[in-house]
Amino acid sequence: MKTRAAVAYEAGKPLVIETVELDGPRAGEVLVEMKATGVCHTDEFTRSGADPEGLFPVILGHEGAGVVLEVGAGVTSLKPGDHVIPLYTPECRGCKSCLSRKTNLCTAIRATQGKGLMPDGSSRFRIGKTPIHHYMGCSTFAQHSVLPEIALARVRPDAPFDKICYIGCGVTTGIGAVIYTAKVEPGANVVVFGLGGIGLNVIQGARMAGADKIIGVDINPAREHMARHFGLTHFVNPTEVEGDLVAYLVELTGGGADYSFECVGNTKLMRQALECCHRGWGVSVVIGVAGSGQEIATRPFQLVTGRVWKGSAFGGARGRTDVPKIVDWYMERKIEIDPLITHKLPLERINEAFELMHSGESIRTVVEF
Ligand code: NAD
Ligand code: 022
Ligand code: ZN
């Protein structure tokens, strides 16, 4: 079939809206009609050429929501008409990682996904004879995409696509890091570095978990207002703190944070996030993705004295199991998404989403098909 997509032909160039050829689903695969997609940092990381593993030409996008149109041979968990959210972290329930119950990082299709290919080693997208790469196993910047069955979460049909697409990355990453990775308990003191599309979801996760102090750190003063709406109790602008930020945060938390979250991707902040944790038990979760080749540092004493450094991918969520639950939380008004979607664009104007991201004007831009 033919479909409309935003194609990244070359690193650093704007996306081009094109009609592309899409082959139907093979065994274990599903054809999805995309209804909406968010535009996230990793899409820009790859588009810009900063991602050393970026492949071109490619159809980017990993934060979508849509409807199943057709299923390939052997697909049993989905049928045409089902509403779905694509998963860049799939859940096969059979690999060593899924069976371990200790991680959400399913390995079933990891090798081919990283190469921009479907599990059988080929691409479903092409223009003329030129194959176009898939992206993070999702390629949501296309009106239709083909995905593996294990990379789709079936969700309730009454949930609005233009909001729940954000659960495909940002919402689950932020809330999941609190609930699944850190397991924040009621009464805990929490420090969040970076109050953007991820950090604001960490804040609402911390509120949901019953945290006491929820302290947000951001250099953009405009982020305070929205953060308070989501549960922030104290705002800290590092540019206005006299002296050492870590000492200031330890004082503010009465001895150190029980949990801290780095939601920027800055290795200096990762260190501060660890070091502002409470001696003996404080846990710091790295969510931000730093530029390639960067390293984190601290003195071993920080760990010897009981602080714990952790990382979280997709919030530690098991996609097919947990994503439908998060959609339910949204529909039951236990979490909020609407105010975080600050901009909406048609596919033709998708390049403006990257500009809004750079200027700090948007939290999330959603593209509707
Ligand atoms: P964003 O741009 O919306 O937010 C970043 C925030 O950090 C902004 O509000 C900015 O003002 C603030 N900031 C920048 N420099 C700062 C500094 N020195 N001190 C304090 N605050 C500072 O980005 P986002 O969408 O929230 O994403 C944040 C990070 O999370 C990115 O690195 C992204 O790639 C990563 N991420 C990770 C996962 C995962 O699974 N681990 C998933 C999604 C996103
Ligand atoms: C999503 N991310 C950032 C913004 N939006 C993001 C980026 C990378 C990861 C998670 C979220 C991530 C963490 C750990 C891994 N990835 C490796 C997982 C593994 O090796 O099993 C990651 C993922 C997908 C891809 C690359 C890296 C990919 O499909 N190319 C989950
Ligand atoms: Zn993302």
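Everything below is about the structure printed above this text.
The structure presented is a predicted model; accordingly, all values stated were derived computationally and were not measured.

(A) Structural context of the site of ligand 1. Residues in contact with ligand 1 amount to 25 residues; listed here are only the nearest, His41, Ile198, Asp218, Ser312 and Phe314. One of the side-chain nitrogen or oxygen atoms of Arg223 is found 2.9 Å away from an oxygen atom of ligand 1. Val289 places a polar main-chain atom, nitrogen or oxygen, 3.0 Å from an oxygen atom of ligand 1. Tallied by class, the residues present in the shell around ligand 1 amount to 13 nonpolar, nine polar and three charged.

(B) Region of the structure containing the site of ligand 2. All residues adjacent to ligand 2 are Cys40, Thr42, His62, Tyr88, Thr89, Leu105, Arg110, Gln113, Met136, Cys169 and Ala313. Contact distances for ligand 2 include 3.2 Å between a nitrogen atom and a side-chain N or O atom of His62. With respect to ligand 2, the side chain of Arg110 contributes an N or O atom lying 2.5 Å from an oxygen atom. Against a free-state accessible area of 630 Å², the protein chains account for coverage of 67% of ligand 2. Residue composition of the shell around ligand 2, by class: six nonpolar, four polar and one charged.

(C) Region of the structure containing the coordination of the zinc ion (ligand 3). Taken together, the protein donors to the zinc ion (ligand 3) comprise Cys40 (SG), His62 (NE2) and Cys169 (SG), at separations of 2.1 to 2.3 Å. Given four donor atoms and angles of 97 to 127 degrees at the metal, the environment of the zinc ion (ligand 3) is assigned as tetrahedral. Each donor residue of the zinc ion (ligand 3) belongs to the same chain, and together they define the spacing C-x21-H-x106-C. You can see His62 sitting in the loop between α1 (41–47) and β4 (63–71) and its partner Cys169 sitting in the loop between α4 (161–164) and α5 (170–182), a full 107 residues away along the chain. Both residues of the pair, His62 and Cys169, belong to the buried class.

(D) Quick look at the sheet that holds strand β15 (residues 308–311). Read across the sheet, six strands follow the order β12-β11-β10-β13-β14-β15 without closing on themselves; strand pairing throughout is parallel. In this open sheet, the two strands that pair with only one neighbour each are β12 (234–236) and β15. Across the sheet, the mean angle separating the axes of adjacent strands is 20 degrees when strand polarity is ignored. Its contacts with the sheet place helix α8 (residues 245–252) against β10 (190–193), β11 (214–217) and β12, and it is angled at close to 170 degrees to β12. Here helix α9 (residues 267–275) sits on the sheet and contacts β10, β13 (259–262), β14 (283–286) and β15; the angle it forms with β13, its principal contact strand, is near 175 degrees.

(E) Spatial organisation of the nonpolar core. Of all hydrophobic cores here, the largest spans 69 residues; its most connected members are Ile164, Ile167, Val184 and Phe261. The biggest single contributor to this core is α5, with six residues. With residues near it in sequence (within four places) discarded, Val184 still touches Val178, Val190, Ala209, Ala211, Tyr259 and Phe261. Within the second largest apolar cluster, 26 residues are counted, among which are Ala5, Leu22, Ile59 and Phe125.

(F) Local environment of the sheet that holds strand β7 (residues 130–132). Read from one edge to the other, the open sheet built from four strands follows the order β1-β2-β6-β7, with strand pairing classed as antiparallel. The sheet terminates laterally at β1 (2–7) and β7, the two strands that pair on one side only. When strand polarity is set aside, the average angle formed by the axes of neighbouring strands in this sheet is 50 degrees.

(G) Representation of the packing of α5 against helix α6 (residues 199–208) in the model. The contact between α5 and α6 brings their axes to 7 Å, and the two run at 40 degrees. Considering their axes alone, α5 and α6 lie oblique with respect to each other. In this structure, α5 crosses over α6, and the sense of that crossing is right-handed. Between α5, through Gly170, Val171, Gly174, Ile175, Val178 and Ile179, and α6, the contact on the second element is made entirely by Asn201, Val202, Gln204, Gly205, Ala206 and Met208.

(H) Local environment of the packing of α5 against helix α11 (residues 319–331). Across the interface, α5 lies against α11 with an axial gap of 11 Å and an inter-helix angle of 100 degrees. Classed by the angle they form, the pair α5 and α11 counts as roughly perpendicular. Between α5, through Val171, Thr172, Ile175 and Tyr180, and α11, the contact on the second element is made entirely by Asp322, Val323, Ile326 and Trp329.

What counts, and where the lines are drawn
- Residues numbered from 1 in each chain as written.
- Chains lettered and ligands numbered in written order.
- Predicted model: local features only at pLDDT ≥ 70, side-chain atom pairs only at ≥ 80, totals over all residues.
- Heavy atoms only, no water.
- Near = heavy atom within 4 Å.
- Polar contact = N/O pair within 3.5 Å; in protein donor to acceptor, adjacent residues only side chain to side chain.
- Nonpolar A, V, L, I, M, F, W, Y, C, P; charged D, E, K, R; others polar.
- Areas by Shrake-Rupley, 256 points an atom, 1.4 Å probe, with all protein chains shown as cover.
- Donors = N, O, S within 2.8 Å, 3.2 Å for Na, K, Ca; no water.
- Tetrahedral: all angles 85-135°; square planar, octahedral: opposite > 155°, others 65-115°.
- Helix = DSSP H or I, 4+ residues; strand = E, 2+ residues; numbered from the N terminus.
- Buried < 20%, exposed > 50% of the residue type's maximum accessible area, 1.4 Å probe, protein only.
- Pairing = 2+ DSSP bridges.
- Axes fitted to C-alpha atoms, helices over the stretch in contact; angles between N-to-C directions.
- Contact = heavy atoms within 4.5 Å.
- Core = buried A, V, L, I, M, F, W, Y, C linked by side-chain atoms within 4.5 Å.
- Parallel < 35°, antiparallel > 145°, perpendicular 65-115°, else oblique.
- Left-handed = near helix turned anticlockwise from the far one by under 90°.

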